[in-house]
Structure formats: C-alpha cells, structure tokens
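Architecture at a glance
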Amino acid sequence: MSTAMGTVLMEDAATGVSLSVHEGVATVRYDQPHSPVNTLNTRVGPVFEQIFARIEQDASILGAMLVSGKADSWIAGADIDELRRVTSPVEGEALSRGGQQLLNRLAAMPKPVIAVIHGAALGGGLEIALACRYRIATDHPKTVLALPEVQLGLLPGAGGTQRLPRTVGLQAALDMILTGKNIRAKKAWQMGLVHELVHPSILHDVAVTRVRALARGDALPVRARTRGAREVLLEDNALGRTIVFRQARDTVLKKTGGHYPAPLAAIAAIQAGYLHGESAGLLEEARGFGALAVSDVCRELVSIFFATTALKKDSGLSEGVTADPVRVRKIGILGAGFMGAGIATVAVQAGTLVRLKDASLERVAAGWRAVRDVLRERVKRRQLTRLQMDDTLSLVGGTTDYSGFANVDLVIEAVFEDVAVKHAVLREVQAVAPRAIFASNTSTIPIREIATAAVHPEQVVGMHFFSPVHKMPLLEVIVTPETSAQTTATVVAYGRQIGKTVIVVRDGPGFYVNRILAPYINESGKLLDEGASIDAVDEALVGFGFPVGPITLLDEVGLDIAGKSGPIMAAAFGERMRPSVTLQRIIESGRLGRKAKRGFYRYDAQGKRQGVDQGVYTLTPASGSRVTMGADEIQRRTVLPMLNEAVRCLEDGIIRSPRDGDIGAVFGIGFPPFRGGPFRFLDALGAVTVVAQLDALNARYPGRYEPAALLRAKAASGERFHP
Ligand code: 3H9
C-alpha cells in the first residue's frame, strides 16, 4: 500500500507501530491506539524488534526516522500501569534487560535511525532517543525531555544511566537523573542532549535530509558542547569522578533523609559503568530497577502519579451531576498582598487578564512588583524571554476601585481575615459584577458564613491557595450546599488551567488541609508543654519525612496567623483541637515567627535561622525543666491524630475520597510522598494497629486521641481505605 508517507511495509494495528518507506527513507511511526500518549510495554517491544530487523535487511531502506503519531507528545516512557504489576525483583530485572537489549540493538544498527522529537520524550522514550544515531527536536514549548523515573521511585532502566552521562557529561546527567526534571528543547540543544532544533513546520523535511546525509556517511554539523573547567577537571579523571559521585550521594542523603532508595541506586549504576564499563553498568542498572520496581516507595509514588492523573479529569461534581464550566478570561483579585499577588502571578502566566485591586496605589504597585519579580526570576532561568515577560506583565492591571470589574468572570478575594471585611467586599463585588463567581481565599472562615452576605450564594465558593502560590501545587476548592454545579465546575477547571492539582472539599472549619494540620500542630505544642525540646520535635518529624518540622512550620507561617485559627478550631472540635499552653503563651508574648525574626527559633538580620531561642522554654508549663522523648513517641503523638482527623474528614464528607485526602496532604502540607498520603499510610499500618495505639494514647490523654468511628469500623471489618 502507498500513502503520502510512502509505501507501508509493516503495520501492527494492535500496538499502533508502522514502517513505511519513501525514496529510501523509512518512517517508523508510533501511535498507540486508545491512549493519549505513546508508552512502552511488553507488546510493543517485539514489534520494534521486527521493524529494526526489516530496516537492516531491506536494501531499499537507507535509514529511518522514528516519529510519534500523537499531535503533541512523543513517547512518555514505560507503561507505568504495567510496571506496577511487576511482582518480583527478578521480573523487574528481566523487563529492564529486555529494554536494554532492544536499545542496544537500535544503537548498533549499521543504518542510521534518527529520533524526530516533537512533544514530551520521557523516561524510556528519551532512552530510545539516546540510542538513536541523531536527535532532532522541535523548538516548541511542548517539547520537553526528561528521565523522571526517580519521581516514581525507579531508575532509568533501559540504558539511560549509561547513555545519558556519555551524551551530556556526568554532572549534567546526574542532575537530570537524580531530579527527574524536565529539560526544555533549547536547553536540551545547548547541553548536547539533542543535535538540532527546528521549527515544527520543517521538522519532517529536515529529518529526511539528515537521514540521507547520515546514510551517505556525511558528517553533520554538530554543535560542540561547551565544557566548563569544572566539568573537564572533575569528569575526565577517576579521582574527580569519585568526588562527583561522593557529593551526589551526600546531596541525595541530605535531601531525602535516606527515605528514597532510587537516586542512590541510580548513582550506583552510573558509577558501575564508569568503573567497570558499560555492560557492568547495565547489569547494575537492571538489578537496581528490579529491586526498586517492587519497593514500597515505588508503589506509593506510582499511586500518587495515578491519583494526580485521575484528578486532572475530575470535574469536581458529585456523581451524576454535570455542568459546563464557564471559560474564565478575566479575573479580579481583591488584595494585592502576598497571596493576592501570588494568585495574580499564576493567573497571568496562564494568559488570564487580571484586575488587581487594593486600598492604595502603593499597595497595588507592591503587588505588581511581586508578580514581576517571579517573572524576572523565570527570565533569569531562561524559562521565559524578556518579551514574554513584558507580554505577561501587561495582563495585570491595577486599581483602587472596581473599575474594570464589570466583565470579570471570577473574583478572588485575598483581603484581611475578618468576616465583616469579607462581607463588605462580597456585597461590593456582587453589585458591580453580578454574574461573576466570588471565590474566597480564606483559610479559616467557613465559606457558608461569608456567603450569608451574598445576593447570589450559588456563585460563592472557596479557593484555598497555599503559600507561596507559584510554587505550591495544591488548590483546595470549597463548596457549600448552595454553591452551584456550574460554579464548582468553573473554578475546578480554572484551577487546573493555572496549573494546580485541585481537590474539592465540603465547607467546614479548617476545610481539609488545615483541619488535619491542627491536631498535629497542637499535639506538637503539647509535647513542648511536657518539656520536650523544640529541636527534638522538629527533628523527629523531619525524620518521619515532612519537609520541615511542625515548630519550624509555625515560625514560617507566622505565629499570629496560627493564633487566629487555633480558637476557631477549638470552638468547632473541642478538646482534640485545643491549642497547647506553650503555643498560646508564645503568641501572647508577641513573637510573630520568621517574618519578625523572633519565634521559637532565633534569626539573624537577614532572616537566616540560627538556633532554638532558649528563652521560649521559660514560657512552657514545664518552665525550663526538660524531658527526653524518643522520635517514635513524638511521631506517634503527632502523626496519629493527623491520620485520625483525616478519617474524620472522610466520615464527615469533607473530602470525597481517600484519594483526595492523600493528595491534599501530600501536595498541601508535604505529607511524605513515599508514604503515599494519610490513607495509604493507614492501610500500610493497618487500622487494627492504629486503633490500638490511639486507644492507648486516649487513655493517657482523654478526649484527644479517640479513634474516629470509621477507623474503628475498618479495624473491625478488616477493610482498607484503598482497594
Ligand atoms: C520508565 O520509562 C522506565 C524506563 O526507564 C525503563 C523501562 C524498562 N504509563 O498526565 P496526563 C497516561 S518509567 C502509563 O493526564 P498530560 C495517564 O495515566 C516512566 N500511562 O496528560 C493518562 O491516562 P488516562 C517514565 C501513562 O498531557 C493519560 O496518559 N515516564 C504514562 O497532562 C494522559 O496523561 C513518566 O514518568 C505512562 N508512562 O501529561 C511520564 N504517561 O487518560 C509520566 C501518561 O487513562 N507521564 N500516561 O487517565 C507524564 O508525566 C504525563 O502523563 C505526560 C502527559 C507529560 C506524558
């Protein structure tokens, strides 16, 4: 059969792989059926194998190009769903060996095969490209290259640990493999990861020319990778490399607290390649891949990947309810402070027009500068051009009145946390923009209470962003019984448009994230009441896997802010949320935390943290007398109430599912990703064990550790939260 692409030589409908040839240049096209992306699975491997054999044997073929049939993505790596069904290290190792052999074959092809990349080339996808003779990519924002395996608790298992360092240098490869970060097309070209960048419109034609040239044996113009003095000094000799590997290991251990085995296994595989040659490196890579594929950490990280993916498609509406989201083109933001400016920053980057309103022009200007500073930083990192920055900044307009609000689709308020102030702005907004959705970014006031001032309560909703907005991935959308389906659908869709992972929760004090945080923070304070030391508490919880300890978190958030929410939570939930004496006294003492350079810790003039402020101990009921508490005890006393509260939120219908509860905790407060989230962690511990531990604590501290009824029910039935 002949098509525009030439004569089709082979076609496998089941995998979507085809081989065609046109005037000597073959095209291997991958278009996986029923899937938005191309993945590598055990079915497609043998088909590629046959195609490579055909290319080699067919005298009419000079060389080939490997292209994707998907509009904007190349190959997204191994099929993660298939990987999670691996049951033994031996099986995982065999999978990796299979991938390595296929790509070794590709790399050894006497005829040139080139990777023609438009869209994401990730994991095994990039490993295929690395095995090709030449890589040509489009200079397009959708074209990104990465080895994100460590983010799934894995290592690149199809030769990536060997080919990448030889392609881009050891340190650049370590950086990519140990972080999994995306490399944009231009950077990929600068670092030598791809040979050539072209505009998408000429990709095909240039690729054909390159195949012909390579087949003729012509040398192609290759951009010589500039190697800095550091690279030459450290990478070209064994001693220098030993230093690089040691530093990489130290950095990984410092960053991960030893909780993530994948980066260390990747380093071991890369090092084995340098020390004993590529074959030894590949063996180590496959061994590491097999062991990691069945590890608990991998299982939890993969669960987070699938939960996040599922949330991308979730409308946020209850089952059976449908509503079309309104397209949000222009928004108003009330309050140009830290949060307001942060929201404006993410909004304009998604192309939304923003009206930023505050009481004075000075404040509006300060908000505008905050947006500009984030964009400038992106220019500095070459993620944005100056022109793009100027275009983006021009989307922010400032005002001290409601001018320009008449046609906004959505207003987000980030004004002072006072219900009277919220009511006033809500009334004003509904007068000037009656059709706009009104979203509150409050973290403490129930949305229902705010909505009492509304003419259109169905248009009132909560959008709880986390600080700093441009970095924190979560958005908690809070709905009241009166919030309309269209309001919810619109806000959820918009949250996603600005790059957030969105969970929809029901209204209630603290919503979800702050509610589960409250008993954890309070119990940490109570440990201080009993004489535990501040650093012991923080260290125990960093040891558990939180990014910072609870006492540090209080200093970071601000003690005044924590002081506001404490009484609200205690009024709503009683004993188990009552703030500790130490917490109350430290707030009364006027300490504000890091922002005022005075909190539980001391800070220098630049705001850099020094040590614990020993003066704080005189404020504790233990009045300076100290007790030694083990990390285990500290973790049990603080983490169990957080898990218990998460179950109560599920029981009360605050969250819709354990999945949302896990994602909210991981993305909102940094609950250790390798533990999968509160519900997955509960499943791992077993409800019976947790109930027994809570009962024992509750006997010692009545009313604070009473297990949630649903948790008891799970313990009795033996059911898990996740299937
Ligand atoms: C690896 O490669 C190991 C090798 O080194 C060694 C092998 C021996 N597998 O995110 P989206 C699905 S490890 C299975 O909504 P986007 C996804 O679940 C792998 N499924 O789209 C969803 O399915 P559904 C390393 C995958 O445009 C649909 O595609 N690779 C995979 O926002 C759409 O996804 C990675 O870690 C996969 N690899 O983002 C890349 N990829 O429609 C992981 C996607 O049924 N993937 N799906 O809900 C991503 O980062 C993003 O999905 C991507 C697209 C950027 C590709």
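Residues numbered from 1 in each chain as written. Predicted model: local features only at pLDDT ≥ 70, side-chain atom pairs only at ≥ 80, totals over all residues. Heavy atoms only, no water.

As for the overall build of the chain
- Each helix and strand counted, the chain has 29 helices and 22 strands in total.
- The C-alpha radius of gyration of the chain comes to 28 Å, within 12% of the 27 Å expected for a compact globule of 723 residues.
- The principal-axis extent of the C-alpha atoms belonging to the chain is close to 85 × 60 × 55 Å.
- By sequence separation, contacts in the chain at least 24 residues apart represent 71% of the contacts at least 6 residues apart.
- Carbon and sulfur atoms provide 55% of the accessible area of the chain, an area that totals close to 30,400 Å². (Helix = DSSP H or I, 4+ residues; strand = E, 2+ residues; numbered from the N terminus. Rg over C-alpha atoms; globule rule 2.2 N^0.38 Å. Contact = heavy atoms within 4.5 Å. Areas by Shrake-Rupley, 256 points an atom, 1.4 Å probe, with all protein chains shown as cover.)

Some details on helix α28 (residues 687-700)
- For α28, spanning 14 residues, the distance from its first C-alpha to its last is 20 Å, which sits close to the expected 20 Å at 1.5 Å a residue.
- Along α28, the residues classified as buried are Ala687, Val690, Val691, Leu694, Leu697 and Asn698. When α28 is viewed along its axis, its buried side chains cluster within an angular range of 130 degrees and face the same direction. In α28, the exposed residues that point more than 90 degrees away from the buried face are Val688 and Ala699.
- In the core, the buried residues of α28 are packed alongside α25 (631-651), α27 (678-685) and α29 (709-717). (Expected span 1.5 Å × (residues − 1). Buried < 20%, exposed > 50% of the residue type's maximum accessible area, 1.4 Å probe, protein only. Arc of directions from axis to C-beta.)

Some thoughts on the pattern of salt bridges
- Here the structure, examined in full by the defined rule, presents 38 salt bridges.
- One salt bridge connects Asp218 with Arg216, and the closest N-O pair in it is separated by 3.0 Å.
- Assessed through its relative accessible area of 33%, Asp218 is described here as partly exposed.
- Residue Arg216 is classed as exposed on the basis of its relative accessible area of 57%. (Salt bridge = Lys/Arg side-chain N within 4 Å of Asp/Glu carboxyl O.)

Examining the sheet that holds strand β19 (residues 474-479)
- Strands sit in the order β15-β14-β13-β16-β17-β18-β19-β20 across an open sheet of 8 strands; the sheet is mixed. Looking at strand neighbours, the two that pair on one side only are β15 (396-399) and β20 (501-506), the edges of this open sheet. On average, each strand axis in the sheet is inclined to that of its neighbour by 25 degrees, with strand direction left out of account.
- Examined bridge by bridge, strand β14 (residues 353-357) and β15 share 4 bridges and lie parallel to one another. The residue bridging Val354 from the neighbouring strand is Val396, located in β15. (Pairing = 2+ DSSP bridges. Axes fitted to C-alpha atoms, helices over the stretch in contact; angles between N-to-C directions.)

A few points about the packing of aromatic side chains
- On inspection of all chains with the given rule, the structure shows 14 aromatic pairs.
- With a centroid separation of 6.1 Å and 65 degrees between ring planes, the pair formed by Phe245 and Tyr274 is classed as edge-to-face. Here Tyr274 lies in helix α11 (residues 261-276) and Phe245 lies in helix α10 (residues 238-256), a separation of 29 residues in the sequence.
- Relative accessible area serves as the criterion here: at 24%, Tyr274 is assigned to the partly exposed category.
- Through a chain of ring-to-ring contacts, the aromatic side chains of Tyr520, Phe544, Phe546, Phe671 and Phe681 assemble into a single cluster. (Phe/Tyr/Trp six-rings, centres within 6.5 Å; stacked < 30°, edge-to-face > 60°.)

Digging into the packing of helix α20 (residues 513-529) against helix α26 (residues 658-669)
- Taken N-terminus to C-terminus, the directions of α20 and α26 make an angle of 70 degrees; their axes are 10 Å apart at the nearest point. One finds that α20 runs roughly perpendicular with respect to α26. Note on element contacts: α26 touches α20 through Gly664, Ala665, Gly668 and Ile669, opposite Val513, Ile516 and Leu517.
- In terms of residue class, the contact of α20 with α26 is made up of 5 nonpolar, 2 polar and no charged. (Parallel < 35°, antiparallel > 145°, perpendicular 65-115°, else oblique. Nonpolar A, V, L, I, M, F, W, Y, C, P; charged D, E, K, R; others polar.)

Quick look at the domain arrangement of the chain
- Here the chain is partitioned into domain 1 (2-293), domain 2 (330-506) and domain 3 (513-717).
- Taking only C-alpha atoms, the centre of domain 1 and the centre of domain 3 are 44 Å apart. (Domains from an automatic or database assignment.)

Regarding the sheet that holds strand β8 (residues 120-122)
- With respect to topology, 4 strands assemble into an open sheet ordered β6-β8-β10-β11, the strand pairing being mixed. Two strands lie at the open edges of the sheet, namely β6 (73-75) and β11 (183-184), each paired on one side alone.
- Summarising the sheet, strand β10 (residues 144-146) and β11 pair through 2 bridges and their orientation is antiparallel. Bridging across to β11, Val144 finds its partner in Arg184.
- Each of β6, β8 and β10 touches helix α4 (residues 124-131); the most contacted strand, β6, lies at about 75 degrees to it.

Describing the packing of α26 against α27
- Interaxial distance between α26 and α27 falls to 6 Å at its minimum, and their mutual angle equals 110 degrees. It follows that α26 is roughly perpendicular to α27 by the angle criterion. The residues of α27 that touch α26, namely those facing Pro658, Gly661, Asp662 and Ala665, are Pro678, Phe679 and Arg680.
- Here the residues of the contact of α26 with α27 are counted per class, giving 4 nonpolar, 1 polar and 2 charged.

Structural notes on the site of the ligand
- In the vicinity of the ligand lie 26 residues, with Ala78, Glu127, Glu149, Lys312 and Lys313 positioned nearest.
- Glu127 is positioned with one of its side-chain polar atoms (N or O) 2.7 Å from an oxygen atom of the ligand.
- Contact distances for the ligand include 2.6 Å between an oxygen atom and a side-chain N or O atom of Lys312.
- Contact with the protein chains covers 73% of the free accessible surface of the ligand, which is 1,000 Å².
- At the level of elements, α2 (80-83), α4 and α13 (296-312) are the ones that each hand at least two residues to the shell around the ligand.
- In terms of residue count, the dominant contributor to the shell around the ligand is α13 (4 residues). (Near = heavy atom within 4 Å. Polar contact = N/O pair within 3.5 Å; in protein donor to acceptor, adjacent residues only side chain to side chain.)

A look at the side chain of Ser580
- Along the polypeptide, Ser580 turns up in the loop between α23 (559-573) and α24 (581-588).
- Given a relative accessible area of 1%, Ser580 falls into the buried group.
- Among the polar contacts listed, one links the side chain of Ser580 to the backbone nitrogen of Leu583, at a separation of 3.1 Å.
- In this structure Ser580 touches Asn522, Gly525, Lys526 and Asp529, once residues within four positions along its chain are discounted.

Considerations on the nonpolar core
- If you look at the biggest cluster of nonpolar residues, it comprises 85 residues, and the most contacted ones within it are Phe438, Tyr512, Ile534, Phe600, Phe671, Phe679 and Leu711.
- Sorting elements by how many residues they give to this core places α25 first, with 9 residues.
- For this core, the domains that each give at least three residues are domain 2 (330-506) and domain 3 (513-717). (Core = buried A, V, L, I, M, F, W, Y, C linked by side-chain atoms within 4.5 Å.)

Looking at the pairing of strand β2 (residues 6-12)
- Note: β2 against strand β3 (residues 17-22), 5 bridges, orientation antiparallel. Bridge pairing in β3 links Glu11 to Ser18.

Concerning the side chain of Thr620
- Looking at where Thr620 falls in the secondary structure, it is placed in the loop between β22 (609-612) and α25.
- A polar side-chain atom of Thr620 sits 2.9 Å from the main-chain carbonyl oxygen of Tyr617.

Here's the deal with the pairing of strand β5 (residues 63-68)
- By the criterion of burial, β5 is predominantly enclosed, with 6 of the 6 residues buried.
- Neither face of β5 is left uncovered, since the one carrying Gly63, Met65 and Val67 and the one carrying Ala64, Leu66 and Ser68 both have all their residues buried.
- Across 6 bridges, strand β4 (residues 25-30) lies against β5 in parallel orientation. By the bridge assignment for β5, Val25 is matched with Gly63.
- On the question of chirality, the crossover connecting β4 to the parallel β5 by way of helix α1 (residues 44-57) is right-handed.
- Note that β5 and strand β7 (residues 113-117) share 3 bridges and pair parallel. In the strand pairing of β7, Ala64 is matched with Val113. (Right-handed = clockwise from strand over helix to strand, strands pointing away.)

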